[in-house]
Amino acid sequence: MVGAGGREHALAHTLARSADVVVAPGNPGMPGTSPEGHAITVSSSPPSEIDADLVVIGPEAPWSTGWPTAPAQGKSVVGPGPTAPGSRGRRPS
């Protein structure tokens, strides 16, 4: 999970119902364990350095700055598209 806001907090806790979740940069309220037993951890590592099967991008900002490079690294990515509100219509290069 990429992000640190309330949207990412809710997404992380929802995703943790079925898998362990790593959030970068995250926030102090995110870490814990879901009722189903999956861990939610916060990492200071850049998202591109986290070994993940799926990258979930919460905010629009990473798209407007040209990130993610995850698809090029063979990872699946889910999140608001590069033309989502707030992205200023720029596409990643």
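1. Some remarks on the overall build of the protein chain
Along the protein chain, the regular secondary structure elements total two helices and six strands. If you list the helices and strands of the protein chain from N to C, you get β-α-β-β-β-β-α-β. By residue count, 34% of the 93 residues in the protein chain fall in the buried class. Nonlocal contacts in the protein chain, meaning residues at least 24 apart in sequence, comprise 29% of its contacts between residues at least 6 apart. On the protein chain, roughly 5,200 Å² of surface is accessible, and the fraction owed to carbon and sulfur atoms is 55%.

2. As for unusual backbone geometry
Omega for the peptide link from Ala 24 to Pro 25 comes to 0°, which places this bond in the cis form. Among the structural elements, Pro 25 can be located in strand E2 (residues 21-25).

3. Examining the pattern of salt bridges
On inspection of all chains with the given rule, the structure shows one salt bridge. A salt bridge links Arg 7 to Glu 8; the shortest N-O distance between them is 3.9 Å.

4. Structural notes on the confidence of the model for the protein chain
Note that predicted coordinates carrying low pLDDT should not be read in detail. Residue-level pLDDT values for the protein chain average 80, and 72% of them are 70 or greater. Within the protein chain, strand E4 (residues 39-42) carries the highest mean pLDDT (96), whereas helix H2 (residues 61-64) carries the lowest (65). Within the model, pLDDT remains below 50 along residues 89-93, and this stretch shows eleven contacts once partners closer than five positions in the same chain are excluded.

5. As for the pairing of E4
Inspection of the sheet shows E2 paired to E4 by three bridges, in the parallel sense. Its bridge partner being in E4, Val 21 is matched across the sheet by Ile 40. As paired strands, strand E3 (residues 32-33) and E4 are joined by two bridges and run antiparallel to one another. Its bridge partner lying in E4, Thr 33 is registered against Ala 39. Adjacent in sequence and paired antiparallel, E3 and E4 are bridged by five residues, among which Gly 37 carries a positive phi angle near 95°.

6. Some words on the sheet that holds strand E1 (residues 2-3)
What links the strands of a sheet is backbone hydrogen bonding, and the strands pair in either a parallel or an antiparallel sense. An order of E1-E2-E4-E3 is seen for the four strands of this open sheet, with the pairing classed as mixed. Looking at the sheet topology across the chains shown, the edges are occupied by E1 and E3. Two elements, E1 and E2, share two bridges in a ladder whose sense is parallel. Counted as the bridge partner of Val 2 is Ala 24 from E2. Of the strands in this sheet, E1, E2 and E4 touch helix H1 (residues 6-15), which is tilted by about 165° from E2.

Reading the values: rules and limits
Residues numbered from 1 in each chain as written. Predicted model: local features only at pLDDT ≥ 70, side-chain atom pairs only at ≥ 80, totals over all residues. Heavy atoms only, no water. Helix = DSSP H or I, 4+ residues; strand = E, 2+ residues; numbered from the N terminus. Buried < 20%, exposed > 50% of the residue type's maximum accessible area, 1.4 Å probe, protein only. Contact = heavy atoms within 4.5 Å. Areas by Shrake-Rupley, 256 points an atom, 1.4 Å probe, with all protein chains shown as cover. Salt bridge = Lys/Arg side-chain N within 4 Å of Asp/Glu carboxyl O. pLDDT = per-residue confidence, 0-100. Pairing = 2+ DSSP bridges. Axes fitted to C-alpha atoms, helices over the stretch in contact; angles between N-to-C directions.

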